[in-house]
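# Summary of structural features
Spelled out from the first residue to the last, the chains are:
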Amino acid sequence: MPLKTPEQYEESLRKMNFKVYLMGERVENPVDHPIIRPSMNSVKMTYTLAQDPRHEDLMTAKSHLTGRKINRFCHIHQNTDDLVRKVKMQRLMGQKTGACFQRCVGMDAINAVDSVAFEMDKKLGTQYYERFIKFLRMMQQEDLTVDGAMTDPKGDRSLSPSQQTDPDLYTRVVEKRKDGIVVRGAKAHQTGAINSHWILVMPTMTMTKEDGDYAVSFVAPADAEGIFYIYGRQSCDTRKLEGGNIDVGNKEFGGHEALMVFDNLFVPWENVFMCGEYEYSGALVERFAGYHRQSYGGCKVGVGDVLIGAAALAADYNGAAKASHIKDKLIEMVHLNETLYACGIACSAEGCKTESGNYLIDLLLANVCKQNVTRLPYEIARLAEDIAGGLMVTMASEQDLRNPEIGKVVEKYFKGIASIPTEYRCRVLRLIENITLGTAAVGYRTESMHGAGSPQAQRIMISRQGNLEYKKKLAKEIAGIKE
Amino acid sequence: MSCMDPIGLKYCGGCNPHIDRSGLVREIENRLPYGCTLATDQPSGPWKIAILVCGCPKACADRPAVKSMARCWIHVGGATVEWEPVSKERMAEAIVRKIQEIKLEKGAFL
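Cut-offs used in this document
Residues numbered from 1 in each chain as written. Chains lettered and ligands numbered in written order. Predicted model: local features only at pLDDT ≥ 70, side-chain atom pairs only at ≥ 80, totals over all residues. Helix = DSSP H or I, 4+ residues; strand = E, 2+ residues; numbered from the N terminus. Rg over C-alpha atoms; globule rule 2.2 N^0.38 Å. Buried ≥ 20, exposed ≤ 12 C-beta atoms within 10 Å, placed from the backbone. Domains from an automatic or database assignment. Contact = placed C-beta atoms within 7 Å. Nonpolar A, V, L, I, M, F, W, Y, C, P; charged D, E, K, R; others polar. Expected span 1.5 Å × (residues − 1). Pairing = 2+ DSSP bridges. Axes fitted to C-alpha atoms, helices over the stretch in contact; angles between N-to-C directions. Core = buried A, V, L, I, M, F, W, Y, C linked by C-beta atoms within 7 Å. Parallel < 35°, antiparallel > 145°, perpendicular 65-115°, else oblique.

### With respect to the overall build of chain B
When helices and strands are tallied, chain B shows three helices and six strands. Helices and strands appear in chain B in the N-to-C order β-α-β-β-α-β-β-β-α. On C-alpha atoms alone, chain B measures out to a radius of gyration of 13 Å, which is about the 13 Å that the 2.2 N^0.38 rule sets for 110 residues. In terms of overall dimensions, chain B has C-alpha extents of about 35 × 30 × 20 Å along its principal axes. Counting over 110 residues, chain B shows a buried share of 27%.

### A closer look at the domain arrangement of chain A
Interfaces are often described in size by the accessible area the parts lose on coming together. Residue and element names in this part refer to chain A. Domain boundaries assigned for chain A yield domain 1 (6-280) and domain 2 (283-474). Each of domain 1 and domain 2 has a C-alpha centre, and these two points are 23 Å apart. Listed per partner, the contact involves 55 residues of domain 1 and 48 residues of domain 2. For the side of domain 1 that touches domain 2, the secondary-structure elements that each account for two or more residues are helix H4 (80-97) and helix H5 (104-124). Along the lines of polarity and charge, the residues of the side of domain 1 that touches domain 2 split into 24 nonpolar, 20 polar and eleven charged.

### Let's talk about helix H14 (residues 422-436) of chain A
Residue and element names in this part refer to chain A. Here H14 is 15 residues long and its end C-alpha atoms lie 21 Å apart, about the 21 Å a rise of 1.5 Å per residue gives. Within H14, eleven of the 15 residues are buried, which leaves the element mostly enclosed by the surrounding structure. Buried residues of H14: Arg 425, Cys 426, Val 428, Leu 429, Arg 430, Leu 431, Ile 432, Glu 433, Asn 434, Ile 435 and Thr 436, and no others. Buried residues along H14 sit against helix H7 (281-318), helix H10 (376-388), helix H11 (391-394), helix H12 (398-402) and helix H15 (441-450).

### Topic: the sheet that holds strand S9 (residues 216-221) of chain A
To summarise the sheet geometry, strands pair through backbone hydrogen bonds and adopt either a parallel or an antiparallel arrangement. All names here are of chain A. Across the sheet, four strands lie side by side as S5-S8-S9-S12; this open sheet has mixed pairing. At either end of the open sheet lies a strand with only one pairing partner, and these are strand S5 (146-149) and strand S12 (272-275). Put simply, the sheet's adjacent strands are angled 20° from each other on average, direction ignored. Where H5 meets the sheet, its contacts fall on S5, strand S8 (198-201), S9 and S12, and the angle it forms with S5 comes to roughly 65°.

### Quick look at unusual backbone geometry
Residue and element names in this part refer to chain A. The phi angle at Gln 102 is positive, at roughly 70°, despite the residue not being glycine. By secondary structure assignment, the location of Gln 102 is in the loop between H4 and H5. Here Gln 102 falls in the buried class, since 30 other C-beta atoms lie within 10 Å of it.

### Topic: the interface of chain B and chain A
On the side of chain A, eight residues touch chain B, which itself brings nine residues to the contact. Of the residues contributing to the side of chain B that touches chain A, the split by class is four nonpolar, three polar and two charged.

### A short note on the sheet that holds strand S10 (residues 227-231) of chain A
All names here are of chain A. On the basis of which strands lie adjacent, the open sheet formed by six strands has the order S2-S1-S10-S11-S7-S6 and mixed pairing. Edge positions in the sheet fall to strand S2 (25-27) and strand S6 (172-176), since each of these pairs with one other strand and no more. On average, adjacent strands in this sheet sit at an angle of 20° to one another, irrespective of strand direction. Taken together, the four bridges between S6 and strand S7 (residues 180-187) define a ladder with antiparallel strand orientation. By the bridge assignment, Lys 176 is partnered in S7 with Ile 181.

### Section: the nonpolar core
Residues and elements named next belong to chain A. One finds Ile 199, Leu 200, Ala 311, Ala 314 and Ile 432 to be the most contacted residues of the largest nonpolar core, which totals 169 residues. Take this core: its biggest share by element is 19 residues, from H7. Viewed by domain, this core spans two of them, domain 1 (6-280) and domain 2 (283-474), each represented by three or more residues. Among all residues touching Ile 432, those that are not within four sequence positions of it are Leu 307, Ala 310, Ala 311, Ala 314, Ala 384, Ala 388 and Met 392.

### Considerations on the packing of H5(A) against helix H6 (residues 128-142) of chain A
Residues and elements named next belong to chain A. Packing of H5 against H6 leaves a shortest axis separation of 8 Å and a crossing angle of 150°. On the basis of their axis angle, the class for H5 and H6 is roughly antiparallel. Residues Ile 110, Val 113, Asp 114, Ala 117, Phe 118, Met 120 and Asp 121 of H5 form the contact with H6, whose participating residues are Tyr 128, Tyr 129, Phe 132 and Leu 136. Of the residues belonging to the contact of H5 with H6, the class tally is nine nonpolar, no polar and two charged.

Encoded structure:
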């Protein structure tokens, strides 16, 4: 079964035994929980579109292990065309969901582990690559969703992992047994964790010899004994409990994050891909972050397409579409959005082969891409709010619109142009609210800032990769400076 | 290592190199045994061995039309030799060693 149907994916999640807490209560059935369900629908769409002949060219790839057609989210990039197609697929997914579809993080994790495990084995004589490939075969065969888990809670940022008052603030190996390792700690901000079949854990940063216990990478079933989750709140999340379909903005789709806690999780050796090889932790972090920074040049652009469309519709419904400043603002939004896309495509086209044979993005351009993502979506959101008008945050509720007594008043006074029903105007304004201030703003705004690393992390990488000495040499030659 | 035929040399275009390509080639020339030379002018047929010197890992010169210019290539892409990271100071040494390995391994079959 190299391609699961969307129904099979949903069914597979129902069979899992997640331990999830949401707003102080254990959730027995995450799949149907009204707050969680839209995020599951987004991941489910990655399965739906892979079955669709109109999208399979982007959504699927040929496995380099078996030659069979697989979902691209399970693929190891074999050339720069694969890297470019990945970004295009992510844009498509953003367009279809208007939200974070969560599955990229696992794809980025397997691609990072692939090359680093290979290089570790070659240098150190370990057997991580063989183990990883065994896992990858299963992932491709069963079309699994995998959560790539990197970010530790980190506690006091001025202290190293082993210097923390509470050592669990970084994920670590607490025991090495003959048959495996025992892990304690947590991973924060885990996108799509409760919609995933497996988790792929990686170290959170470059580790030193003193922090060798924290240089750990492994896979585990997402519902394994010893893992539990505390679901992250999102702005306006309880609107999903109201039962309506206007005020939520995006009824069908969403994203989610959770705190993933390892409570003495046992991991058999066959699922361990790094255990103490601290000198390779930096490469793993750098490559995963690079792939994920590339990802944002696709997914955020797709959501941006939806937001630009919503702003243009709001202008139409407000009767403002012909105003020159509105047209100019929409042009600016498109320009900014396509700038992000250009970066995503550029770092892919300039990718290179690694020793394992998989392809890595151009790290400088991927970091430039993400640095732009920390800024431009905010400007796009600002322009969308400008075009939408204040009503997007002062509008009456869906219940008021449906109320037999005051509904007519809402209809009358919230109307825009005569040919468009008031409800349409309400819907599009709520969608803009959803992406800029509501549940989807987690993905479109703050995740743009901090996801795949905060802005300063990219600036460090840009500084490292910027080749400043070469630029100085160029300037000296042109200026006639002979030393 | 005897050298009857020159070793081919093909550079990328050099738009944004991570390494000093000319310096690397000079160092390779210094390390080659007496009589061994590098040539950029292609003979009538393909070179037996050639070095592809690309300034960055993208290695944009690594394309079929270029690859047909030699039977056997040593790939340099930024600070990598045959896709393996090598410190800039050790690159020439690694490349010359690779040439020797190819000659030993393939010898008469080249």
